[in-house]
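# Examining the three-dimensional arrangement
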Amino acid sequence: MLDGPLGTELSLRGVDTRLPLWSARALLEAPERVAEVHRAYAEAGATVHTTNTFRTRRETLGDAWAAEARHAVRLCREAIAPGHRVAGGLAPLADCYRPDLSPATEDPKGTRTAHRALADVLAEDCDLLLCETFPHADEALLAVEAAVATGRETWLALTAGPDADLMTPEGMGRVARRAADAGAAAVLVNCISVPATAAFVAALAAAAPDVPVGAYANAGRPDEGIGWEGAPEPGARAYAGVAESWVAQGASIIGGCCGTGPAHVAALAMTLGGPA
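Quick caveat: nothing in here was measured; it's all calculated off a predicted structure. (Residues numbered from 1 in each chain as written. Predicted model: local features only at pLDDT ≥ 70, side-chain atom pairs only at ≥ 80, totals over all residues. Heavy atoms only, no water.)

## So, the layout of surface pockets
To keep it simple, the criterion reads: With a 1 Å grid laid over protein atoms only, a set of points is called a cavity when a 1.4 Å probe fits there but cannot get out and a pocket when it is open yet has protein on both sides within 12 Å along at least five of seven lines; lining residues have an atom within 4 Å of a point. Grid points are joined across faces, edges and corners, and a volume is the space filled by probe spheres set on the points. Strands are runs of DSSP state E lasting at least 2 residues, helices are runs of H or I lasting at least 4, and numbering of each runs from the N terminus. Residue type decides the class: Asp, Glu, Lys and Arg count as charged, Ala, Val, Leu, Ile, Met, Phe, Trp, Tyr, Cys and Pro as nonpolar, and the leftover types, Gly among them, as polar.
Approximately 1100 Å³ is the volume attributed to the largest pocket. In terms of lining, the largest pocket is formed by 50 residues, of which the most central are Trp22, Phe54, Arg55, Cys96 and Thr133. Going through the elements one at a time, helix H1 (7-12), helix H4 (58-61), helix H6 (108-123) and strand E3 (128-134) are the ones with two or more residues in the lining of the largest pocket. The biggest single contributor to the lining of the largest pocket is H6, with four residues. Class assignment for the residues of the lining of the largest pocket results in 23 nonpolar, 17 polar and 10 charged.

Printed below as a string of structure tokens:
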């Protein structure tokens, strides 16, 4: 059972998440809120917790980037229950909804080096590394290579974007297959709408049947009955109900992405039989 997002949950709790720092600003200004969110997910039933390192890079934090990445890992480790796993989160170097901005095609060496720098720091005290929200095939594979090279278990989560138009299910399946061949221990789809998720889960399961498959979707729009405002219980139950179909298609790693929250994780744990 994965946790849910930090960014949108921190925003709901009154933390400034303006770009370019996004959720990383909380490491500087409200670390107690980061720990609070991690604890809430642990209490809800999550057993794998992603560090608040989506934007902890030199480009956003300057020379403090490595110290703040380690700070994020400590906050997560200290907030969760014994036996839970800490997943060190690595994000695309550019916008996760703009694959055209990825430097991977023109500068693969530099891209790999940048991902390896953060991966090395996270590998010091994380149980696994999660390369997440990658819409660009080449960069996703470079990030996986960098993470695998640390010796830590590595998962890859790909996104087709909120409108599911950045990658086809078949295309995502091909990337997942290559990632598994490169050493990824699990492949997932994340940060897309709930209705679009099933097709991608099916494609991942078909392309990479030898590794675990997972999914964590966005909460959707308010008119879809799942909502972003405060994770209402009816929306959380609806999300968990749809997640049952992902499990039926082969997913064994489930969580929530943008707009979900602890209520969604609790509903998932109850519906899917995980810890509550």
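## Overview of the environment of Leu158
For the record, the criterion: Contact criterion: two residues are considered in contact whenever any of their non-hydrogen atoms come within 4.5 Å of each other.
Here Leu158 shows up in strand E4 (residues 153-158). Leu158 sits 18 residues away from Ala176 along the chain, and the two C-alpha atoms are 8.2 Å apart. Not counting residues within four places of it along the chain, the set of residues in contact with Leu158 comprises Phe134, Ala140, Met172, Val175, Ala176, Leu188, Val189 and Asn190.

## Quick look at the packing of helix H3 (residues 31-44) against helix H5 (residues 65-79)
This is how the line gets drawn: Axis geometry follows a simple rule: fit a line to the C-alpha atoms, using only the stretch in contact for helices, then measure angles between N-to-C directions, giving values from 0 to 180 degrees. The scheme is simple: roughly parallel for angles under 35 degrees, roughly antiparallel for over 145, roughly perpendicular for 65 to 115, oblique for anything else. Two helices crossing with the near one rotated counterclockwise from the far one by less than a right angle form a left-handed crossing, whereas a clockwise rotation gives a right-handed crossing.
For the pair H3 and H5, the least separation of the axes is 8 Å and the interaxial angle reads 45 degrees. By the angle between their directions, the pair H3 and H5 is classed as oblique. Of the two possible hands of crossing, H3 and H5 adopt the one that is right-handed. Residues Pro31, Val34, Ala35, His38 and Arg39 of H3 form the contact with H5, whose participating residues are His71, Leu75, Cys76 and Ala79.

## Description of the pattern of salt bridges
Rules: When a carboxyl oxygen of Asp or Glu lies within 4 Å of a side-chain nitrogen of Lys or Arg, that pair is called a salt bridge. To sort residues, take the accessible area from a 1.4 Å probe on protein chains only and compare it with the maximum for the residue type: under 20% means buried, over 50% means exposed, and anything in between is partly exposed.
Applying the stated criterion across every chain, the model contains 16 salt bridges. Residue Asp120 is joined to Arg116 by a salt bridge in which the shortest nitrogen-to-oxygen separation is 2.6 Å. Of this pair, Asp120 and Arg116 are both found in helix H6, four residues apart, which corresponds to roughly one turn of the helix. You can call Asp120 partly exposed: its relative accessible area is 34%. Of the residues examined, Arg116 reaches a relative accessible area of 31% and is grouped as partly exposed.

## Let's talk about the nonpolar core
Which entries qualify depends on this criterion: Definition used in this section: a nonpolar core is a set of buried Ala, Val, Leu, Ile, Met, Phe, Trp, Tyr and Cys residues joined via side-chain atoms within 4.5 Å.
Counting 76 residues, the largest nonpolar core has Leu156, Met172, Val189 and Trp246 as the members making the most contacts within it. Ranked by residue count, the leading element in this core is H5, at eight residues. With residues up to four places along the chain from it excluded, the contact list for Trp246 reads Val194, Thr197, Ala198, Val201, Ala215, Ala217, Tyr239, Ala251 and Ile254. Ala157, Leu188, Ile253 and Cys257 belong to the second-largest nonpolar core, a separate cluster that totals 14 residues.

## Let's talk about H6
Applied cut-off: Expected helix span is computed as 1.5 Å times (number of residues minus one).
For H6, which comprises 16 residues, the first-to-last C-alpha distance of 22 Å matches the rise-based estimate of 22 Å (1.5 Å per residue) to within 8%. Every buried residue of H6 is accounted for by Thr111, His115, Leu118, Ala119, Val121, Leu122 and Ala123. The secondary structure elements touched by the buried residues of H6 are H5, strand E2 (85-90), E3 and helix H7 (137-148).

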